[in-house]
Amino acid sequence: RPKQEAVTTTSSSSSSSQSTEKPLVLITMGSDSDLPVLKAGLDVLREFGVPYALDITSAHRTPRYMMRVAGEAAERGIRVIIAAAGGAAHLPGMLSSETPLPVIGVPVKATHLDGMDSLLSIVQMPRGVPTATVGINNSTNAALLAIRILGTFVPEYQDKMKRYQAEMEEQVIVKGNKLRE
Ligand code: RP5
């Protein structure tokens, strides 16, 4: 079985940020070498108190396991999948093809092509298999988008998102005020 990050072991096939709560977001990646890029997004999910599961599901090295995880995600109670991959980044799209859940792809800058290969591999999906795509290495936005999706049916997350946006606005205004002084 593919290696998993040692967080808190749950009864599922992955790990969760909160052992008592069922994960709502599955964060998976093509390789453990993608994990540093996902760190910022994991921090955001923790900040918002969103239970998540982590996994490694390579489209090329573990295709059968990847399809099994995708096929079982919805019945496990997962509501959004975040998938990071670099190079020929087929993971997010393949997950999308096997699950009815929203999938957010994070292109990872893993090669000499500066992540453009990953970005184009993820964003250019055929009609019928939508896969949201954030900027190269931008796991922060992947997590924030996942929380916005959860916020459509969990008021707590939408309230936290409103506060996050208000704080962000305030910080920029304060910086502008300082520049104008
Ligand atoms: C992709 O190949 C992974 O998502 C990773 O970004 C890249 C390199 O993987 P490793 O060779 O570091 O395992 O499948």
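From a predicted model like this one, the values you see are computed outputs, not experimental measurements. (Residues numbered from 1 in each chain as written. Predicted model: local features only at pLDDT ≥ 70, side-chain atom pairs only at ≥ 80, totals over all residues.)

Engineer: So what's going on with the site of the ligand? Residues and values would help.
Structural biologist: The full set of residues close to the ligand is M29, G30, S31, S33, D34, S58, A85, G86, G87, V108 and A110. Its residues assigned to classes, the shell around the ligand comprises four nonpolar, six polar and one charged. (Near = placed C-beta within 6 Å. Nonpolar A, V, L, I, M, F, W, Y, C, P; charged D, E, K, R; others polar.)

Engineer: I'd like a description of the pairing of strand β3 (residues 25-29), backed by residues and values.
Structural biologist: The element β3 is largely enclosed, with a buried count of five among its five residues. Because side chains alternate across β3, one face comprises the buried residues V25, I27 and M29, and the other comprises L26 and T28, equally buried. Of the pairings in the sheet, the one linking β3 to strand β4 (residues 52-56) comprises five bridges and is parallel in character. For M29, the partnering residue across the bridge sits in β4 and is I56. (Buried ≥ 20, exposed ≤ 12 C-beta atoms within 10 Å, placed from the backbone. Helix = DSSP H or I, 4+ residues; strand = E, 2+ residues; numbered from the N terminus. Pairing = 2+ DSSP bridges.)

Engineer: Can you lay out the confidence of the model for the protein chain for me, pointing to particular residues and giving the numbers?
Structural biologist: Chain-level statistics for the protein chain give a pLDDT mean of 91 and a share of 89% at 70 or above. Here residues 1-16 scores under 50 on pLDDT; set against residues more than four positions off or in separate chains, the count is 39 contacts. With a pTM of 0.90, the predicted complex shows an ipTM of 0.97. (pLDDT = per-residue confidence, 0-100. Contact = placed C-beta atoms within 7 Å.)

Engineer: Quick one: what's the story with helix α6 (residues 155-180), residue by residue and with numbers?
Structural biologist: Over its 26 residues, α6 extends 38 Å from the first C-alpha to the last, a length consistent with the 38 Å expected when each residue adds 1.5 Å. The element α6 is barely covered by neighbouring structure, given that only one of its 26 residues are classed as buried. (Expected span 1.5 Å × (residues − 1).)

Engineer: Tell me what's going on with the packing of helix α2 (residues 63-73) against helix α3 (residues 91-98), and back it up with residues and numbers.
Structural biologist: Where α2 meets α3, the axes come as close as 8 Å, and the angle between the chain directions of the two elements is 50°. As the angle between them shows, α2 and α3 are arranged oblique. Remark: the crossing between α2 and α3 carries right-handed chirality. Across from M66, M67, A70 and G71 in α2, the residues of α3 making contact are L91, M94, L95 and E98. (Axes fitted to C-alpha atoms, helices over the stretch in contact; angles between N-to-C directions. Parallel < 35°, antiparallel > 145°, perpendicular 65-115°, else oblique. Left-handed = near helix turned anticlockwise from the far one by under 90°.)

Engineer: I'd like a rundown of helix α1 (residues 35-47), residues and numbers included.
Structural biologist: In this model, α1 (13 residues) spans 18 Å end to end at C-alpha, consistent with the 18 Å of a helix rising 1.5 Å per residue. Roughly 30° is the biggest bend found in α1, and it falls at G41. Turning to α1, its buried residues are V37, L38, G41, L42 and L45. (Bend = angle between axes of the 7 residues up to and from the residue.)

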